[in-house]
Structures are given as C-alpha cells and as structure tokens.
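# Remarks on the overall topology
Chain residues, written in single-letter form:
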Amino acid sequence: MGSVADLVRGDFKQSEYGRVILPFTVLRRLDCVLAPTKAAVLAEHRDKEQAGLRYLAVEKFAHIELGERGKQKGKPQPDSALRDTENVPLFEDVQAWFEREVLSHAPDAWVNHDKTRIGYEIPFNRHFYVFEPPRPLAEIDADLKRSMDRIKQMIEGLAG
C-alpha cells in the first residue's frame, strides 16, 4: 500500500498513468469482491492483533571441509538449501523458543536476525471462501447435450 501511495503523489505524465491506474483498479476490485466478508476479517484482525508472529530464518552451515567452496574470508557460509523458517508468537522469547523447539533437533542451527520479519497470519480460506454446491447432475447433462447438439449442427453445416 505504501508504494502505491508514493506512486500517486505528484503530477503524472500520460505515459505513467498505467503504473497508477492498474494498482487502484486491482485494489478497488478486491474491495468489491471482499466486501461481504469485510466485517468478519476486521473482527479476526482485532482478535489476532496481539497474536502476531515473528518469521525467523533458521540457518545451518554447510558441512564442508576446510579449504572447499563455501568459505568467505575463512568464515563458514550458511547453506541456503538448509535454510528453514519458523513462526514464533510475538509474546514468546525468541531465544527460549529456539532452544526448546529447534536446537533439540538441529544443534548446529542458528537464527539469522537480519532475515527475521514480524507479521500476522490471516487464514483467507476461512474468511473468504463461500461454499457453492455443485449443480445437479441432470442440469450438467442437459448443458452437455445442448453443447454436443450445437457442435453436431456446426459440423453438418460444414459438410453440407
């Protein structure tokens, strides 16, 4: 949202309109589509406001011998293939949680605090999905029959 707000400040050249119009069109469309569930989402947000998460980047060093690739200025480098993320509730102490939940399984792991992010998880399916039962089989069969009949007529028209 912030980057969109930065885009709309100031005067625009005609060539720049596309950069502004598309984001606003998407936002407006989302607003219209999600309007029926807005109250439920806002209620969920109020409930979850205190239940934020820290997204920790848990790193492990590559298992390599000295002198092999993966060293930079003599320091071992983390192996991105071994990187994992963990969701830690904001109210929990990160170090205590890490020692309890991660170190017992991966004693050589460490937290890369530069990649730690804070956020909230909103389960979209729970709030936005509205079940629509499938159409009756007879109705589907009738649609298929009409389509097949129309296709047959078109083929006969080509052959005739």
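Residues numbered from 1 in each chain as written. Predicted model: local features only at pLDDT ≥ 70, side-chain atom pairs only at ≥ 80, totals over all residues. Heavy atoms only, no water.

### A word on the overall build of the protein chain
- The number of helices and strands found in the protein chain is 6 helices and 6 strands.
- Shown N-terminal to C-terminal, the secondary structure of the protein chain runs as helices and strands in the order α-α-α-β-β-β-β-α-β-β-α-α.
- Per-residue burial over the protein chain gives 15% buried out of 160 residues.
- Within the protein chain, contacts between residues separated by at least 24 positions form 69% of all contacts whose residues are at least 6 apart in sequence. (Helix = DSSP H or I, 4+ residues; strand = E, 2+ residues; numbered from the N terminus. Buried < 20%, exposed > 50% of the residue type's maximum accessible area, 1.4 Å probe, protein only. Contact = heavy atoms within 4.5 Å.)

### Description of the nonpolar core
- If you look at the biggest cluster of nonpolar residues, it comprises 10 residues: Leu56, Val58, Val88, Val94, Trp97, Phe98, Val102, Ala106, Ala109 and Val111.
- Residue assignment for this core shows that the elements contributing at least two residues are β1 (53-60), α4 (94-101) and β5 (109-111).
- Among the elements that take part in this core, α4 stands out by supplying 3 residues, more than any other.
- The residues contacting Ala109, other than those within four sequence positions of it, are Val58, Glu59, Lys60, Phe98, Val102 and Leu103. (Core = buried A, V, L, I, M, F, W, Y, C linked by side-chain atoms within 4.5 Å.)

### Notes on the side chain of Thr116
- Relative to the helices and strands, Thr116 is located in the loop between β5 and β6 (117-119).
- Within polar-contact distance, the side chain of Thr116 engages the backbone oxygen of Asn112 at 3.4 Å.
- Those residues in contact with Thr116 that lie beyond four places of it in its chain are Arg54, Tyr55, Leu56, Ala57 and Val111. (Polar contact = N/O pair within 3.5 Å; in protein donor to acceptor, adjacent residues only side chain to side chain.)

### Here we look at helix α6 (residues 137-159)
- In a regular helix each residue adds 1.5 Å, so 23 residues correspond to 33 Å; α6 covers 33 Å between its end C-alpha atoms and thus fits that length.
- Counting buried positions over the 23 residues of α6 gives 0, only a small fraction of the element. (Expected span 1.5 Å × (residues − 1).)

### With respect to the packing of aromatic side chains
- In total, this model carries 1 aromatic pair according to the counting rule given.
- Between the aromatic rings of Phe124 and Phe128, the centroid separation amounts to 5.1 Å while the plane-to-plane angle is 25 degrees, which identifies the pairing as stacked. With Phe124 and Phe128 both in helix α5 (residues 124-128) and 4 residues apart, the pair spans about one turn of that helix.
- Take Phe124: its relative accessible area is 52%, and that puts it in the exposed class. (Phe/Tyr/Trp six-rings, centres within 6.5 Å; stacked < 30°, edge-to-face > 60°.)

### Thoughts on the pairing of β1
- Sheet topology note: the β1/strand β4 (residues 84-89) ladder contains 6 bridges and is antiparallel. Residue Leu53 lies in a different strand from β4, and its bridge partner there is Pro89.
- Here β1 pairs with β6 via 3 bridges, running antiparallel. Bridged to Arg54 within β6 is Ile118.
- Relative to β5, β1 runs antiparallel, the two being bridged by 3 bridges. Within the sheet, the bridge partner assigned to Val58 lies in β5 and is Val111. (Pairing = 2+ DSSP bridges.)

### Considerations on the confidence of the model for the protein chain
- Per-residue pLDDT for the protein chain averages 78, and the proportion of residues at 70 or more is 81%.
- Here helix α1 (residues 2-7) stands out as the least confident element of the protein chain, with mean pLDDT 55; α6 is the most confident, with 94. (pLDDT = per-residue confidence, 0-100.)

### Observations concerning the pattern of salt bridges
- The final tally for this structure, using the stated rule, is 7 salt bridges.
- Between Glu139 and Arg135 there is a salt bridge; the shortest N-O distance is 3.5 Å.
- For Glu139, a relative accessible area of 37% puts it in the partly exposed group.
- Note that Asp143 is salt-bridged to Arg135, the shortest N-O span being 2.5 Å.
- Among the residues examined, Asp143 registers a relative accessible area of 23% and is labelled partly exposed.
- Look at the salt bridges and you will find they share partners, linking Arg135, Glu139, Asp143 and Arg146 into a network. (Salt bridge = Lys/Arg side-chain N within 4 Å of Asp/Glu carboxyl O.)

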